[in-house]
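Chain by chain, the residues run as shown.
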Amino acid sequence: MEFLRISPYINLLTHSRFLLTLRSSEGKYHSLILFRLSTGSTVEPVTTSDQYVESPDIRKSAPYGQLYVMESTCPHLGADLSHAEIEECETSVVAVCPWHRYDFDLRTGKSETGLTACTYAVEIRTDPTDGVDVVWMETPEKGSNWRLVQLQPVSEAFADPPPLPASTGTMSESVPDHAVVEEIVPTSNAPTTLMQWAVLILNTADPTLKVQRTKHAVDLFRNGKLASIGHRASNPPRPPDTPPREENYLRNTVSDPRKLGKRKKAAVMLHALANIEQWAIDLAWDIMARFGPSNPDLPPAFFSDFAKMALDESKHFSLLTSRLATMSPSTPYGTLPVHASLWDSALITSNSLRARLAIIHLVHEARGLDVNPGTIDRFRRSGDKDSLAVLEVIHADEVTHVTSGHRWFTWMCERDGLDPVSTFRDEVRKGWRGEIKGPFNDDDRARAGMTKDFYEDLRGDDIGWRKDADLEKALENLKVVDQEPGHPAAATVKVEYDRG
Ligand code: FES
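Under an unreviewed UniProt entry, the protein has the name Rieske domain-containing protein and belongs to Piloderma croceum.

Written out as structure tokens, the structure reads:
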């Protein structure tokens, strides 16, 4: 039996459950949950190969919690088990699935229903070089050279919701008295499926409400309180082409951020990052709502990964806007210019899930891994510890987002009999403009599955962006009709490219 090093035990004391993602050298993924139970458990540890193992030294050096590792997806219909309830019985301890309440023995994985979840032996070994107790786990059977690519606590450390610009001095006059305050759960036509929540959240312009609805919807999904995911429904709701934005947030009060001076440069950066996070929340919901119905074979784990991503991006947005409000009360979120360039890539990839995963998650988000350390370093040098802590949380999460992109891109390639590396490079050539620029953060990219053969010496050939001769001709022939006297003409031209 092979074992994989997970973490020093002491690093696991912060939380009682952790999400582990393993990847084999063949590119297979396994998502697992590590449960750490308190020492108050009455269940005796056992020592057979597929069960929890406690080294003799641990008994002497208690208190140590009991550790269990189980697959993160319920073997019944694929619910995410990271929020399973743990129940201790006289002779066993079980994880109760939030969707249909099947219970699985954490040591054997067995359930009274006859289904069995995979469990893995856990050991604590003392490192002879430094005496540190380290947690190891048995590796999955299929696949070789398993590597831990993600170890993330299951928790949602949210900052308080960001203050609305409307409640600050500079913007208060812009909100009419009769402004309607929307409920988190609409009073009529409340969503009952994940797809319906996704479309509602995409259509929610107010960023605070978007964050609140995201938290609520993901909580309902994880705890089995939705009727279904809804991507196989006969008439699923359609997401908007571009999510709307609240007018108050577009009508910013600071026209030229350069005039803010040096002192405010950090605020400008936090504001820009918060704006990107707001678009990132939408991107996570959009990939589910837009491509779920056209890919009915997507398993629940896909939706679990992207629901987690939506929640992470909401957390990032809240942390950044709260930090911004504290650091620079005169420029809360919504008072500086924002852009929507990230959504350009969403529009270019709106007809293909494979292209979306490649361009948004494996190009844009992977680029974030390259530049984040420099930004973090700048805040570290300035001594701004609070902003630094926020940016470090964000960077750690972003590695897991690229991992999810890689996981589902390779899943699609395997399903369609394609080679992931050459397929990715083809998608970039078709859907990206210009060179994939370095310098690259090779280490974090590799942790996320992006080996160098994916991205080195690669450039897009602008097909998706180019105005071709036919289009030029069509634009010349465009006639404006129904123009009101005295009003400038406005026209919207939607161009669809054949991605074949
Ligand atoms: S009991 Fe877990 S999905 Fe049904």
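Once you've had a look at it, read on.
## Focus on helix H7 (residues 341-348)
The set of residues buried in H7 consists of Ser345, Ala346 and Ile348. Down the axis of H7, the buried set is contained in an arc of 165 degrees. They therefore lie on one face. The elements touched by buried residues of H7 are helix H5 (265-291), helix H8 (353-382) and helix H10 (420-431).

## Quick look at the confidence of the model for the protein
Confidence in the prediction of the protein, expressed as mean pLDDT, is 83, and 78% of residues score 70 or more. Per-element mean pLDDT across the protein ranges from 41 in helix H1 (residues 56-60) up to 98 in helix H2 (residues 194-202). This model gives residues 41-62 a pLDDT under 50, and the stretch forms 38 contacts once residues within four places in sequence are excluded. Of the regions scoring below 50 in pLDDT, residues 465-500 engages in 12 contacts with residues more than four places distant in sequence or in other chains.

## Notes on the nonpolar core
Nonpolar side chains in soluble globular proteins tend to end up buried together. Ranked by internal contacts, the top residues of the largest apolar core, which has 99 residues, are Met70 and Ala198. A per-element tally of this core places H5 first, with 14 residues. Residues lining this core come from more than one domain, with at least three contributed by each of domain 1 (3-153) and domain 2 (201-461). Beyond its immediate sequence surroundings of up to four residues, Ala198 is in contact with Pro239, Trp285, Met288 and Ala289.

## Brief notes about the environment of Leu357
In this structure, Leu357 sits in helix H8. The buried category is assigned to Leu357, around which 26 C-beta atoms lie within 10 Å. Sequence-wise, Leu357 and Glu427 are 70 residues apart; in three dimensions their C-alpha atoms are separated by 9.5 Å. The contact partners of Leu357, leaving out residues within four places of it in the chain, are Leu362, Gly405, Trp408 and Phe409.

## Observations regarding the packing of H7 against H8
Remark: H7 packs on H8, axes separated minimally by 9 Å, with the N-to-C direction vectors making an angle of 145 degrees. Only Ile359, Ile360 and His364 of H8 make contact with H7, whose side of the interface consists of Leu342, Ser345, Ala346 and Ile348. Partitioning the contact of H7 with H8 into residue classes produces five nonpolar, two polar and no charged.

Calculation criteria
Residues numbered from 1 in each chain as written. Predicted model: local features only at pLDDT ≥ 70, side-chain atom pairs only at ≥ 80, totals over all residues. Buried ≥ 20, exposed ≤ 12 C-beta atoms within 10 Å, placed from the backbone. Helix = DSSP H or I, 4+ residues; strand = E, 2+ residues; numbered from the N terminus. Arc of directions from axis to C-beta. Contact = placed C-beta atoms within 7 Å. pLDDT = per-residue confidence, 0-100. Core = buried A, V, L, I, M, F, W, Y, C linked by C-beta atoms within 7 Å. Domains from an automatic or database assignment. Axes fitted to C-alpha atoms, helices over the stretch in contact; angles between N-to-C directions. Nonpolar A, V, L, I, M, F, W, Y, C, P; charged D, E, K, R; others polar.

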